[in-house]
Amino acid sequence: KFKKKRKYKFIWLIGEYSKSKTEQIFDLIIKSDYTKKNYKLVFRPHPSDTGDFYNKNKNIFHTIDDKEEYENGDLMIGDSTSSYLVESYLMGRKVLVFERQCEINLSAFYMTKMSPNSFSNFVELNFYLNSYKKIEKANKKLAYNFYEKNVNYTKWVSVLNENNF
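Residues numbered from 1 in each chain as written. Predicted model: local features only at pLDDT ≥ 70, side-chain atom pairs only at ≥ 80, totals over all residues. Heavy atoms only, no water.

Student: I keep staring at the nonpolar core and nothing clicks. Help me out?
Tutor: The tendency in soluble globular proteins is for nonpolar side chains to be buried as a group. Residues Leu13 and Ile77 are the most contacted members of the largest nonpolar core, which totals 22 residues. Listed by contribution, the elements that provide at least two residues to this core are β1 (9-14), α1 (19-31), β2 (39-44), β3 (75-79), β4 (94-98) and α5 (122-130). Every residue in contact with Ile77, bar those within four places of it in the chain, is listed here: Ile11, Trp12, Leu13, Ile14, Ile25, Ile29, Tyr84, Leu96, Phe119 and Leu125. (Core = buried A, V, L, I, M, F, W, Y, C linked by side-chain atoms within 4.5 Å. Buried < 20%, exposed > 50% of the residue type's maximum accessible area, 1.4 Å probe, protein only. Helix = DSSP H or I, 4+ residues; strand = E, 2+ residues; numbered from the N terminus. Contact = heavy atoms within 4.5 Å.)

Below, the structure written as structure tokens:
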């Protein structure tokens, strides 16, 4: 079966536990050139979300029409400390993370081979949106290496040792 060619790419805004952080990331996306580059913005709320944020901004968000559109999300954007990173890596998606300036980076992937591209303002976000091909796809094989069935967590320990923690 052939995939139909889309005229636009999907940006998935991944909602955070903190509504203010979701709003901060959303504001940067809105200030960016995302509409000029044929992106459609989709919102995936955090499980604790009450719907207020979506309802306030629903006229901006694109509605997913079918399963294929959902499975073919082009770019995932969220906070650097969110669990969506793991999911996105396992799905092989392109990922951009928001990192506040002058804040400690608490990402599980900070300073590892899986550290994603990041932005802290709309100028940096525009750089990535304008050079979409430069955003690296998540390496599924590398991501699966972090999961192990035994309980001694040797792979996680090796990452920590590799990065001198």
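Student: What is the right way to read α1 from this model?
Tutor: For α1, built from 13 residues, the straight-helix expectation of 18 Å at 1.5 Å per residue is met to within 8% by its first-to-last C-alpha distance of 18 Å. Where α1 is concerned, the buried positions are Lys21, Thr22, Ile25, Phe26, Leu28 and Ile29. Here the buried residues of α1 occupy an arc of 160° about the axis, which is enough to place them on one side. (Expected span 1.5 Å × (residues − 1). Arc of directions from axis to C-beta.)

Student: Looking at this structure, I do not really get the pattern of salt bridges. What am I missing?
Tutor: As a working rule, side chains carrying opposite charge can pair if their charged atoms are close by. Throughout the structure, instances matching the rule amount to two salt bridges. One salt bridge connects Lys21 with Asp79, and the closest N-O pair in it is separated by 3.3 Å. In this pair, Lys21 is assigned in helix α1 and Asp79 in strand β3, connecting sequence segments 58 residues apart. The residues Lys21 and Asp79 share a single accessibility class, namely buried. Where Glu23 meets Lys56, a salt bridge forms, and the shortest distance between an N and an O atom there is 3.6 Å. Placement of Glu23 in helix α1 and of Lys56 in helix α2 (residues 52-57) is noted, with a sequence separation of 33 residues between them. Classification of Glu23 as partly exposed rests on a relative accessible area of 23%. On the basis of relative accessible area, Lys56 is assigned to the exposed category, the value being 56%. (Salt bridge = Lys/Arg side-chain N within 4 Å of Asp/Glu carboxyl O.)

Interpretation in functional terms is not warranted from these geometric data alone.
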